[in-house]
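Here are the chains, one letter per residue:
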Amino acid sequence: MTQAPICIAYFSGFGHTTQIAKALATDMGQVRLVDVDGITAEDWAALDAAPTLVFGAPTYMGSTAAKFGLFLEEAAERWMEQAWQDKLAAGFTVATHPSGDKLAALQRLSVFAAQMGMIWVGQTAIGAPVFPERAGLNTDGSWLGLMARDSGQDDGKVMSQDLETARIFGRRIRAATERWG
Ligand SMILES: Cc1cc2nc3c(=O)[nH]c(=O)nc-3n(C[C@H](O)[C@H](O)[C@H](O)COP(=O)(O)O)c2cc1C
């Protein structure tokens, strides 16, 4: 199998983060999705080889879900030799509330990337109210990374506009990989 230049490492307790991970991947070209809950040696090898890693976790109690934290701590074995240095990194999180303290989760992901010597890629999408015609784009106004929301209806869905924001962010990450990866 050809090595994917972009790997999306994510955890999802109830499927919402999985939906955003798949939307991100839509226009990324060659990409490998790695569900960290059941990560394999082959997955780790793909992460080690890819020039770009995207980290995604739901916000649980104001931070990244514990099972994603476990993955970050396992990856920290690579910290001492800075094995992931100069890879590109980006992040996303999903929660129920407009704030939901999602920023704290993105901060954890970006601080992890900084500790690993990675180069962080943020969002560039500007939506309403600055551009009223772009209502629905980046609705939470997050540039550190992608913030998405579930529908709040207990129907297993995420907000449909966040899927489009994710596709746009995916294209941004692909362009960054082609330029600097
Ligand atoms: C243990 C737990 C803690 C949560 N904490 C928060 C929170 O701090 N803020 C929030 O807005 N939503 C919170 N939620 C809601 C989840 O972030 C939300 O349901 C999300 O869509 C779950 O994504 P997943 O299906 O990928 O696990 C929490 C859910 C659980 C199970």
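In case you missed it, the structure is sitting above this.
Not measured: the values here are computed from a predicted model.

(A) Representation of the overall build of the chain within the structure. For the chain, the count of helices and strands is five helices and seven strands. Mapped in sequence order, the helices and strands of the chain form the string β-α-β-α-β-β-α-β-α-β-β-α. For a compact globule of 181 residues, the expected C-alpha radius of gyration is about 16 Å, and the chain comes in at 15 Å, within 12% of that figure. Oriented by its inertia axes, the alpha-carbon framework of the chain measures out at about 45 × 35 × 30 Å. A burial count over the chain gives 47% of its 181 residues as buried. For the chain, contacts bridging at least 24 residues in sequence account for 75% of all contacts bridging at least 6. Accessible surface, the chain: about 8600 Å² in total, of which carbon and sulfur atoms supply 54%.

(B) Highlighting the environment of A175. Inspection of the secondary structure puts A175 in helix α5 (residues 160-180). Note: C-alpha distance between A175 and S160 (15 residues apart in sequence) is 24 Å.

(C) Quick look at the nonpolar core. Among the nonpolar cores identified, the biggest contains 26 residues, and L47, L53, F55, F68, F71, W84 and M118 are the most heavily contacted of them. Looking at this core, the elements that each hand over two or more residues are β1 (6-10), α2 (41-49), β3 (52-60), α3 (66-75) and α4 (102-115). If near-sequence neighbours (up to four positions away) are discounted, F68 is found in contact with A9, Y10, F11, V36, F55, G56, A57 and L109. Judged by nonpolar contacts, the second largest core, of 22 residues, contains A25, F169, I173 and A176.

(D) Spotlight on the layout of surface pockets. Space inside the largest pocket adds up to approximately 240 Å³. Along the wall of the largest pocket there are 18 residues; nearest its centre are T59, Y60, V94, A95 and T96. Taken together, the elements giving at least two residues each to the lining of the largest pocket come down to α1 (16-25), β3 and β5 (88-95). When residues of the lining of the largest pocket are assigned to their parent elements, the largest contribution, three residues, is made by β3. For the lining of the largest pocket, the residue count by class is six nonpolar, 10 polar and two charged.

(E) Layout of the pattern of salt bridges. Tallied over the full model, the rule gives 10 salt bridges. The residue R32 makes a salt bridge to E42 at a minimum N-O spacing of 3.5 Å. Of the two residues, R32 is situated in strand β2 (residues 31-35) and E42 in helix α2; the sequence distance between them amounts to 10 residues. Between E178 and R174 there is a salt bridge; the shortest N-O distance is 3.0 Å. Placement of the pair is E178 and R174 together in helix α5, with a separation of four residues, close to one helical turn. Residue R174 is classed as partly exposed on the basis of its relative accessible area of 33%. Salt bridges sharing partners connect three or more residues here, namely R32, E42 and D43.

(F) How the structure looks around the site of the ligand. The full set close to the ligand counts 17 residues, and S12, H16, T17, T59 and Y60 are the nearest of them. Between the ligand and the protein, one listed contact pairs an oxygen atom with a backbone N or O atom of G15 at 3.1 Å. In this structure, an oxygen atom belonging to the ligand sits 2.7 Å away from a side-chain N or O atom of H16. Coverage of the ligand by the protein chains reaches 78% of its 650 Å² of free accessible surface.

Definitions and limits used
Residues numbered from 1 in each chain as written. Predicted model: local features only at pLDDT ≥ 70, side-chain atom pairs only at ≥ 80, totals over all residues. Heavy atoms only, no water. Helix = DSSP H or I, 4+ residues; strand = E, 2+ residues; numbered from the N terminus. Rg over C-alpha atoms; globule rule 2.2 N^0.38 Å. Buried < 20%, exposed > 50% of the residue type's maximum accessible area, 1.4 Å probe, protein only. Contact = heavy atoms within 4.5 Å. Areas by Shrake-Rupley, 256 points an atom, 1.4 Å probe, with all protein chains shown as cover. Core = buried A, V, L, I, M, F, W, Y, C linked by side-chain atoms within 4.5 Å. 1 Å grid on protein atoms, 1.4 Å probe; cavity = no way out; pocket = protein on both sides within 12 Å on 5 of 7 lines; lining within 4 Å. Points joined across faces, edges and corners; volume = space filled by probe spheres on them. Nonpolar A, V, L, I, M, F, W, Y, C, P; charged D, E, K, R; others polar. Salt bridge = Lys/Arg side-chain N within 4 Å of Asp/Glu carboxyl O. Near = heavy atom within 4 Å. Polar contact = N/O pair within 3.5 Å; in protein donor to acceptor, adjacent residues only side chain to side chain.

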